[in-house]
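Each chain, written out:
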Amino acid sequence: MAFGIPVAKSCRRQISREQAREKLGLDTKGRYFLAAGGSMGAGDLSELVKKLLEGTSQEKILVICGSNQKAEQKLKKEFCEQPRVQILGFTTQMSLYLKACDVLFTKPGGLTSTEAAVTGVPMIHTAPIPGCETVNRKFFMKAGMSWSAITLSGQVEKGIQLMNDPEAVAQMVSAQKKQIHGDAVEKLYEFISGEIQKRNRFLNSKEIPPGGLQEGFLFLYNKAVYKKSIIKILLPQAAGNEN
């Protein structure tokens, strides 16, 4: 069953861009690019920031390096005298930064792209890691949920264009809401709960289905297999709850 990628509840909470910025101590009237660069190298992030600075005059640039401490330190040193750039490391407030920004630059990884779509953030996909990210970017672009370009310069141009095109932003956010609803957790829970209830009814049933001896033995065998499977699943959880 395809339910989508589960995302944190914080990505779905109703909070305005201004409220998110107030919580983060950002300028509520400014315009922000956000580069989510945990998986991007320091060199790629540096070039992205430089090209954004060259192509804009007032917009501010937030860079989240995640656990990439090497990139964080390098970028902080490189842009320490640039007032329009703020370099951040690991943060537990990613959902707030997504809410706060005007345009997001990110690699087309499944989780960040899904979180951004659920949040409703205009998105520019940077170069993918060959494989599933290539497919992700193609899917998002075809559905109108993101823009991209082959080169970094082209990606920056697209980002600046998107920043200044409210109609394109509205269309992209609408496409994101249409394609990704953010309720994967609930749907997955409902599916698993339903399957458990089916199995419980089956295990508690005392009726042997009509048929010959072979069908009766098959029924009892399957019932035993279900019991064994459930015991294997539940015993580790029970042990964990006791500790």
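Residues numbered from 1 in each chain as written. Predicted model: local features only at pLDDT ≥ 70, side-chain atom pairs only at ≥ 80, totals over all residues. Heavy atoms only, no water.

**Observations regarding the overall build of the protein chain**
Thinking step 1. The number of helices and strands found in the protein chain is 10 helices and six strands.
Thinking step 2. Counting all 243 residues of the protein chain, 40% fall into the buried class.
Thinking step 3. In the protein chain, the proportion of contacts linking residues at least 24 apart, taken out of those at least 6 apart, comes to 64%.
Thinking step 4. Surface summary for the protein chain: the accessible area is close to 14600 Å², and the carbon and sulfur share equals 55%. (Helix = DSSP H or I, 4+ residues; strand = E, 2+ residues; numbered from the N terminus. Buried < 20%, exposed > 50% of the residue type's maximum accessible area, 1.4 Å probe, protein only. Contact = heavy atoms within 4.5 Å. Areas by Shrake-Rupley, 256 points an atom, 1.4 Å probe, with all protein chains shown as cover.)

**Here we look at the pairing of strand 3 (residues 85-88)**
Thinking step 1. In the sheet, strand 2 (residues 60-64) pairs with strand 3 via four bridges, with the strands oriented parallel. Along strand 3, the bridge assignment pairs Ile-61 with Val-85.
Thinking step 2. Handedness of the crossover is the feature at issue here: the chain leaves strand 2, passes through helix 3 (residues 69-78), returns alongside strand 3, and the resulting connection is right-handed. (Pairing = 2+ DSSP bridges. Right-handed = clockwise from strand over helix to strand, strands pointing away.)

**Focus: helix 5 (residues 110-119)**
Thinking step 1. Of all 10 residues that make up helix 5, seven are buried, and the element is covered over most of its length.
Thinking step 2. Of all the residues in helix 5, the buried ones are Ser-113, Thr-114, Glu-115, Ala-116, Ala-117, Val-118 and Thr-119.
Thinking step 3. Check the buried side of helix 5 and you find it contacts helix 4 (94-100), strand 4 (103-106), strand 5 (123-125), helix 6 (132-142) and helix 8 (166-179).

Just geometry here; none of it tells us what the structure is for.
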